[in-house]
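In case you want the letters, here they are:
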Amino acid sequence: MRGYTLTNCFRTATAMDQAIRTNPARTVLFDMDGTLGPTLDCLIGVQQRAAASVLGRPVSREEVCRGFGLSEPGAMQILLGGRAEEGFRRYVAEIERVHAVECPAPFPGIPRLLSALRDRGLPLGLISGRCRETLDITLRQFGLAACFSYIGAGDPTHEVKDLRAKEALLQFGLTPADAVYVGDMTSDVRFAKRLGMRAVAVSYASYSGREALREAGPDALCDSVDELEHTLLSML
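None of these values were measured; they are calculated from a predicted model.

Draft legend 1. Inspection of the nonpolar core at higher detail. Grouped together as the largest cluster of nonpolar side chains are 54 residues, with contacts concentrated most on Phe 30, Phe 148 and Leu 232. The element best represented in this core is helix H2 (residues 40–55), accounting for 9 residues.

The following block contains the structure:
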């Protein structure tokens, strides 16, 4: 795979080929932001504006990022305390207003990739830290709502990706060894490995950075959607 040293590429390919021979992937679970679409900057900007409109002062990107891992209502609670619901409603209204302009479509090639996986009979899951209300806005805008057999949203009080992955696998009647998780953050790689899933990291919009993703030890690291498609299809 592109970007690995020869030694790392051989080691990763050998391990992945062995896993495919013994247990081909039977489902793929995806992260949303930075994996399926370039949504993160839009969402952070909207959250900044919504919180600022409540507080009457500018809100920094760093303040917003303190709530990462929680769904947006929980992040707003950190920012706004007792006025969190007001801020969240403004946030949702602003996403509805600007999504089509600021982030109109998924990454090129994502609809084709999802279609190719579904054509091979795989149930697909979406697991995100975002709340279901804003996830549905993005899925409608991207035209991807029908692609996923399971959609797992975040929680306002704590991180629940592990729980959502277990729910998806239970619904599909599969085990972690049957699954591949695709994400753009080092935390996505760690989460997948912790549960016993194969981890595919994507660097094409990652805020973690390519080198950090590589050091996290994914089973594959993809620099483009085309490379991701090739990698996932080779795992089946």
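Draft legend 2. Structural context of the pattern of salt bridges. Inspection of the entire model under this criterion finds 22 salt bridges. Among the ionic pairs, Glu 94 bridges to Arg 49, the shortest N-O distance being 3.3 Å. Taken together, the residues span a long stretch of sequence, with Glu 94 in helix H5 (residues 84–102) and Arg 49 in helix H2 at a distance of 45 residues. For Arg 49, a relative accessible area of 37% corresponds to the partly exposed category. A salt bridge links Arg 130 to Glu 72; the shortest N-O distance between them is 3.7 Å. You can see Arg 130 sitting in the loop between strand E2 (124–127) and helix H7 (132–142) and its partner Glu 72 sitting in helix H4 (residues 72–80), a full 58 residues away along the chain. Residue Arg 130 is classed as buried on the basis of its relative accessible area of 5%. Taken together, the salt bridges that share partners define one network made up of Arg 49, Glu 94, Arg 97 and Glu 102.

Draft legend 3. Inspection of the pairing of E2 at higher detail. Neither face of E2 is open: one carries Leu 124 and Leu 126, the other Gly 125 and Ile 127, and all of them are buried. Looking at chain direction, strand E1 (residues 27–30) and E2 are connected through 3 bridges and run parallel. Bridging across to E2, Val 28 finds its partner in Leu 124. Bridge count between E2 and strand E3 (residues 150–152): 3 bridges; the pairing is parallel.

Draft legend 4. Highlighting the pairing of E1. Of the two faces of E1, the one carrying Thr 27 and Leu 29 and the one carrying Val 28 and Phe 30 are both buried. Taken together, the 4 bridges between E1 and strand E4 (residues 179–183) define a ladder with parallel strand orientation. Paired with Phe 30 across the bridge in E4 is Val 182.

Draft legend 5. Structural view of the layout of surface pockets. If you add up the space inside the largest pocket, you get close to 710 Å³. Around the largest pocket, the lining is made up of 33 residues, and of these Phe 68, Gly 69, Leu 70, Gly 129 and Lys 161 lie nearest the centre. Among the secondary structure elements, those contributing two or more residues to the lining of the largest pocket are H2, H4, helix H8 (161–172) and helix H9 (186–195). With 5 residues, H9 is the single largest residue contributor to the lining of the largest pocket. Taken together, the residues of the lining of the largest pocket break down into 12 nonpolar, 8 polar and 13 charged.

Draft legend 6. Looking closely at the sheet that holds E3. What the 6 strands build is an open sheet, ordered E3-E2-E1-E4-E5-E6; its pairing is parallel. What marks the edges here is a single partner per strand, and that holds for E3 and strand E6 (220–222). Neighbour to neighbour, the strand axes of the sheet diverge by 20° on average, direction disregarded. The sheet contact formed by E4 and strand E5 (residues 198–202) spans 4 bridges and is parallel. Among the inter-strand pairings, Val 182 is bridged to a residue of E5, identified as Val 200. Those strands touched by H8 are E1, E2, E3 and E4, and its axis lies near 165° from that of E3. Sitting on the sheet, H9 touches E4 and E5, and the angle it makes with E5 is about 170°.

Draft legend 7. Molecular detail of the environment of Ala 75. Along the chain, Ala 75 turns up in helix H4. Residue Ala 75 is classed as buried on the basis of its relative accessible area, which comes to 5%. Taking C-alpha positions, Ala 75 is 10.0 Å from Asp 155, a pair spaced 80 residues apart along the chain. The residues touching Ala 75, leaving out its near neighbours within four places in the chain, are Gln 47, Gly 67 and Leu 70.

About the thresholds
- Residues numbered from 1 in each chain as written.
- Predicted model: local features only at pLDDT ≥ 70, side-chain atom pairs only at ≥ 80, totals over all residues.
- Heavy atoms only, no water.
- Core = buried A, V, L, I, M, F, W, Y, C linked by side-chain atoms within 4.5 Å.
- Buried < 20%, exposed > 50% of the residue type's maximum accessible area, 1.4 Å probe, protein only.
- Helix = DSSP H or I, 4+ residues; strand = E, 2+ residues; numbered from the N terminus.
- Salt bridge = Lys/Arg side-chain N within 4 Å of Asp/Glu carboxyl O.
- Pairing = 2+ DSSP bridges.
- 1 Å grid on protein atoms, 1.4 Å probe; cavity = no way out; pocket = protein on both sides within 12 Å on 5 of 7 lines; lining within 4 Å.
- Points joined across faces, edges and corners; volume = space filled by probe spheres on them.
- Nonpolar A, V, L, I, M, F, W, Y, C, P; charged D, E, K, R; others polar.
- Axes fitted to C-alpha atoms, helices over the stretch in contact; angles between N-to-C directions.
- Contact = heavy atoms within 4.5 Å.

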